Amino acid sequence: MKPIIPAEECVLILLAAGRSERFGDTDKLQQEYLGQPLAFHVVTALESVPFKARIAVCSGSELDFGSRGYRVIHNDNPGDGMSGSVKLGVAAAREIGCAAVVVALADMPRVTATHIYRLLDATHGPDAVVASSNGVHPTPPAVFGADQFEALLTLEGDEGARAMVRAGRHVIAPESELLDVDRPEDLERLRTLR
C-alpha cells in the first residue's frame, strides 16, 4: 500500500464563493450560528490541522478569511459554478506545491478535524480521490492527490468534481456532520441539532 499523505503536505481549499441562490438575498456564510458566522465554524474546526497552506475562494462575502490564516482568492465569476472555484484553488495550490488538496465547503459547519484526518488516512498516493459520505451520497470534504490536479483544472459547470468523487473512495461520517446549509430551513434544522 502506498504511504498516507500527511496534512503538512496538503493545501486546504475552502470554497466560499457560491451565489447562495437557494438561501435568498442574504449571505448565508455570514448568518449567525452559535455565536459566530456560519462559515467560521469549519474554519475553527480545522485550525488545528497543520496544512501546508489554506486558501479561501470567495466572491461577495465580507468575511475576513485572511485574518484566519487563509490566502483569499476572489472568484470574479461565481456563476461558473463550483468548478470555477475548484480550478482557482487548485491552480493556487499547485503554485505552492503540495501532494494533495483537501476541498471543503464553507457552508458545512459541522465538519470536524477528526473526519479530515480519517479522509487523509484513506488517501494513498498521488492518484487518490477520497470523499466523505453519509453512507448513501458522496460529498465534500474530499481529498485529491496531485495526479488529479490536471483533471480538476478541466472541470466545467456546477457539476464540479462529482463524477470524480462518485468514482473515488468514500469515508463514512454521520449525516449531521455533513449537513450542507443551502436554504434557510437547513440553517433552522442545524440550530436544532445537539
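## Side note on the overall build of the chain
Okay, step 1: A tally of regular secondary structure across the chain gives 6 helices and 9 strands.
Okay, step 2: The burial tally for the chain puts 50% of its 194 residues in the buried class.
Okay, step 3: Long-range pairs, those at least 24 residues apart, make up 71% of the contacts in the chain between residues at least 6 apart in sequence.

## Topic: the state of the cysteines
Okay, step 1: Applying the stated criterion across every chain yields a total of 0 disulfides.
Okay, step 2: Cys98 provides the cysteine sulfur closest to Cys10, a residue in no disulfide bond, and the two sulfurs are 7.2 Å apart.

## Observations regarding the nonpolar core
Okay, step 1: One finds Ile13, Phe65, Val101, Phe144 and Leu152 to be the most contacted residues of the largest nonpolar core, which totals 62 residues.
Okay, step 2: It is strand β1 (residues 10-16) that contributes the most residues to this core, 7 residues altogether.
Okay, step 3: Apart from residues no more than four positions distant in its own chain, Val101 is found in contact with Val11, Ile13, Val90, Ala93, Ala142, Val143, Phe144, Phe149 and Leu152.

## Considerations on the side chain of Thr123
Okay, step 1: Within the secondary structure, Thr123 sits in the loop between α3 (113-121) and β7 (129-133).
Okay, step 2: For Thr123, the side chain forms a polar contact with the main-chain oxygen of Leu119, separated by 2.8 Å.

## Here's the deal with the packing of aromatic side chains
Okay, step 1: Tallied over the entire structure, the rule returns 2 aromatic pairs.
Okay, step 2: Note on Phe40 and Phe65: the rings are 5.5 Å apart at their centroids and 90° apart in plane angle, and the pair reads as edge-to-face. Taken together, the residues span a long stretch of sequence, with Phe40 in helix α1 (residues 39-45) and Phe65 in the loop between β4 (53-58) and β5 (71-74) at a distance of 25 residues.
Okay, step 3: Note on Phe40: relative accessible area 11%, which makes it buried.
Okay, step 4: Consider the rings of Phe65 and Tyr70, whose centres lie 6.2 Å apart with planes at 70°: the pair is edge-to-face.
Okay, step 5: Members of the aromatic cluster, each reached through a chain of ring pairs, are Phe40, Phe65 and Tyr70.

Cut-offs and rules
Residues numbered from 1 in each chain as written. Predicted model: local features only at pLDDT ≥ 70, side-chain atom pairs only at ≥ 80, totals over all residues. Heavy atoms only, no water. Helix = DSSP H or I, 4+ residues; strand = E, 2+ residues; numbered from the N terminus. Buried < 20%, exposed > 50% of the residue type's maximum accessible area, 1.4 Å probe, protein only. Contact = heavy atoms within 4.5 Å. Disulfide = S-S within 2.5 Å. Core = buried A, V, L, I, M, F, W, Y, C linked by side-chain atoms within 4.5 Å. Polar contact = N/O pair within 3.5 Å; in protein donor to acceptor, adjacent residues only side chain to side chain. Phe/Tyr/Trp six-rings, centres within 6.5 Å; stacked < 30°, edge-to-face > 60°.

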